Amino acid sequence: MHNAQPWRFVHRSGGRSLALYGDPQRTLPFADPDHRALHLGCGAALFNLRVAAAHHGWAAEARLLPDPNDPWHLADVLLRQSDSADRGLADLHPAVRRRHTSRFPFSEEQIPEPVLDGLRAAALLEGCRLITPGAWHTDAVMELVRDAAMLEAASEAVRAEIASWTRTGRPGEGPATEGIPVDALGPRQYGVSAPARDFDAQRHLPDREVALFEEHPQIALLGTVEDAPADWLRAGQAMQRVLLQATLDGLAASLMSQPLEWPELRPSARDPSVAIGFIHMVFRLGYGASGEATPRRPVADVLAFQ
Ligand SMILES: Cc1cc2nc3c(=O)[nH]c(=O)nc-3n(C[C@H](O)[C@H](O)[C@H](O)COP(=O)(O)O)c2cc1C
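Computed from a prediction, not measured in an experiment: that's the story for all the values here. (Residues numbered from 1 in each chain as written. Predicted model: local features only at pLDDT ≥ 70, side-chain atom pairs only at ≥ 80, totals over all residues. Heavy atoms only, no water.)

**Q** When you look at the sheet that holds strand E12 (residues 278-286) in this model, what are you seeing that I'm missing?
**A** Two modes of strand pairing occur in sheets, parallel and antiparallel, and in both the strands are linked by backbone hydrogen bonds. Strand order in this open sheet of four strands is E5-E10-E12-E11, and the pairing throughout is antiparallel. Of all strands in the sheet, those with a lone pairing partner are strand E5 (129-131) and strand E11 (252-255), marking the two edges. Geometrically, the sheet is characterised by an average inter-axis angle of 30° between neighbouring strands, direction not taken into account. Two strands pair when backbone bridges link them, and E5 and strand E10 (residues 218-224) are joined in this way by three bridges, in the antiparallel orientation. (Pairing = 2+ DSSP bridges. Helix = DSSP H or I, 4+ residues; strand = E, 2+ residues; numbered from the N terminus. Axes fitted to C-alpha atoms, helices over the stretch in contact; angles between N-to-C directions.)

**Q** Any chance you could explain empty space enclosed by the protein here in plain terms?
**A** In this approach the atoms are scanned with a rolling probe the size of a water molecule, which exposes any empty space left behind. Inspection of every chain in the model, using the stated rule, returns two cavities of 30 Å³ or more. Counted as a void, the largest cavity has a volume near 50 Å³. What lines the largest cavity is simply Met1, Ala4, Pro6, Arg26, Thr27, Leu28, Asp32, Ala37 and Leu38. Taken as a whole, the second largest cavity spans an internal volume of roughly 30 Å³. As for the second largest cavity, its lining consists of Phe106, Ser107, Glu108, Glu214, His216, Pro217, Gln218, Leu285 and Gly286. Among the residues making up the lining of the second largest cavity, the classes are represented as three nonpolar, four polar and two charged. (1 Å grid on protein atoms, 1.4 Å probe; cavity = no way out; pocket = protein on both sides within 12 Å on 5 of 7 lines; lining within 4 Å. Points joined across faces, edges and corners; volume = space filled by probe spheres on them. Nonpolar A, V, L, I, M, F, W, Y, C, P; charged D, E, K, R; others polar.)

**Q** Could you clarify how one ought to interpret the side chain of Asp231 in this entry?
**A** Within the secondary structure, Asp231 sits in helix H7 (residues 229-248). Taking the relative accessible area as the measure of exposure, Asp231 reaches 10% and is therefore buried. From its side chain, Asp231 meets the backbone nitrogen of Ala228 in a polar contact 2.8 Å long. Setting aside anything within four residues of it in sequence, one finds Asp231 in contact with Thr224 and Glu226. (Buried < 20%, exposed > 50% of the residue type's maximum accessible area, 1.4 Å probe, protein only. Polar contact = N/O pair within 3.5 Å; in protein donor to acceptor, adjacent residues only side chain to side chain. Contact = heavy atoms within 4.5 Å.)

**Q** Looking at this structure, how should I read the domain arrangement of the chain?
**A** Often, the extent of an interface is quoted as the loss of accessible area upon association of its parts. Split by domain assignment, the chain resolves into domain 1 (7-97) and domain 2 (113-286). Placing a centre on the C-alpha atoms of domain 1 and another on those of domain 2 gives a separation of 22 Å. With 26 residues of domain 1 in contact, the opposing surface of domain 2 contributes 28 residues. A buried area of about 2,400 Å², summed over both sides, lies between domain 1 and domain 2, and 67% of it is on carbon and sulfur atoms. At the boundary of domain 1 and domain 2, one finds two salt bridges. Ionic pairing is found between Arg26 and Glu178, a salt bridge with its closest N-O pair at 2.9 Å. (Domains from an automatic or database assignment. Buried area = accessible area lost by both parts, 1.4 Å probe. Salt bridge = Lys/Arg side-chain N within 4 Å of Asp/Glu carboxyl O.)

**Q** I'm lost on helix H5 (residues 135-154) in this one. Help?
**A** Note on helix geometry: an α-helix contains 3.6 residues per turn, so any two residues three or four positions apart are oriented the same way. Under the 1.5 Å per step criterion, the end-to-end length of H5 is 29 Å for 20 residues, consistent within 8% with the ideal 28 Å. Listed in full, the buried residues belonging to H5 are His137, Thr138, Val141, Met142, Leu144, Val145, Ala148 and Glu152. Along the axis of H5, the buried residues cluster in a sector spanning 155°; they form a single face. Facing away from the buried side of H5 by over 90 degrees, the exposed positions are Ala135, Trp136, Asp139, Met150 and Ala154. Here the buried face of H5 lies against E5, helix H6 (156-164), E10 and E12. (Expected span 1.5 Å × (residues − 1). Arc of directions from axis to C-beta.)

**Q** Explain the site of the ligand to me, please; I cannot follow it from the model alone.
**A** The environment of the ligand is formed by 20 residues, the closest being Thr101, Arg103, Arg197, Ser257 and Arg296. Arg103 is positioned such that a nitrogen or oxygen atom in its side chain is 2.6 Å from an oxygen atom of the ligand. Protein coverage of the free-state accessible area of the ligand, which is 620 Å², stands at 94%. Counted by class, the shell around the ligand contains nine nonpolar, seven polar and four charged residues. (Near = heavy atom within 4 Å. Areas by Shrake-Rupley, 256 points an atom, 1.4 Å probe, with all protein chains shown as cover.)

**Q** Just checking my understanding: could you explain helix H4 (residues 113-125) for this structure?
**A** Taking 1.5 Å per residue as the helical rise, H4 with its 13 residues ought to reach 18 Å, and the 18 Å between its terminal C-alpha atoms agrees with that figure. Those residues of H4 lying buried are Val115, Leu116, Leu119, Ala122 and Ala123. Buried positions in H4, seen along its axis, are confined to an arc of 110° and lie on one side of it. Residues Pro114, Leu124 and Leu125 are exposed on H4 and point more than 90 degrees away from its buried face. Of the surrounding secondary structure, the elements contacted by the buried residues of H4 are E5, E10, H7 and E12. Count one or two residues on from H4 and you reach Gly127, which has phi positive near 80°.

Pasting the structure below:
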């Protein structure tokens, strides 16, 4: 979230495993006080590791939260050379570098049902559920996104936190290897039908374009039955699996977690008739510009050898 990259990998010499830790220096105290989003991001990084391992012919077995005394030790991944590395994972490998968040308008073209079926299957393979809501539920979720944007605008602390992770090229901003760069902001919205988060809301960059977004956003909701840290890590892996599959299918995607960041709004995002207890992510999917790559920290900052 906000491209904070809150992960750290450790390889212990002689061992066949990589440990994944959450980074307590990279939390978002106002938008993510219970670290649920941090677990989602780290789950996505864990999924990419499993994809890379499969691509290189290794089987990767992940154990979540292996140390009951250390909540920041999120996973151990045991690597084994294997003749039967998971093909389904390996096939996703080309999408790892191609997938980007797209905060650009999408067309009104409908996503075919077999493509949506594939995305639902991707979530199920990771133990989660993906639902594609009908018209009333989509409208209700969009209303919640707008409500959240208003709460965000009214909270100085949240706005300051967003600003501290936005890179507009002005002096005094943090390192360019993290945070949201100006190229990833997308245009300012005219009419606001599918509110992408506006990381520029505070500064109003003078030469940012304005665009009309799709009138009928196509969204999908990712959820789990329970809401504990292990569920958040599973949801993060499912989120990444859905996004990589969507990339292979030629879809563009952005994420809208604003309503899930406010405890008073989050329960209303679910459809009471569907057996998903807790929503973890709202995807906006469609056909349009795929977005640009956002910078990442150097490998030496995120991988240690001990
Ligand atoms: C838990 C989580 C929540 C996110 N919520 C939003 C959001 O509300 N709005 C948005 O535009 N992007 C959201 N993002 C997307 C991140 O900003 C994005 O992944 C990050 O900046 C890196 O860019 P990339 O996806 O292009 O690699 C979220 C990402 C995560 C992991």
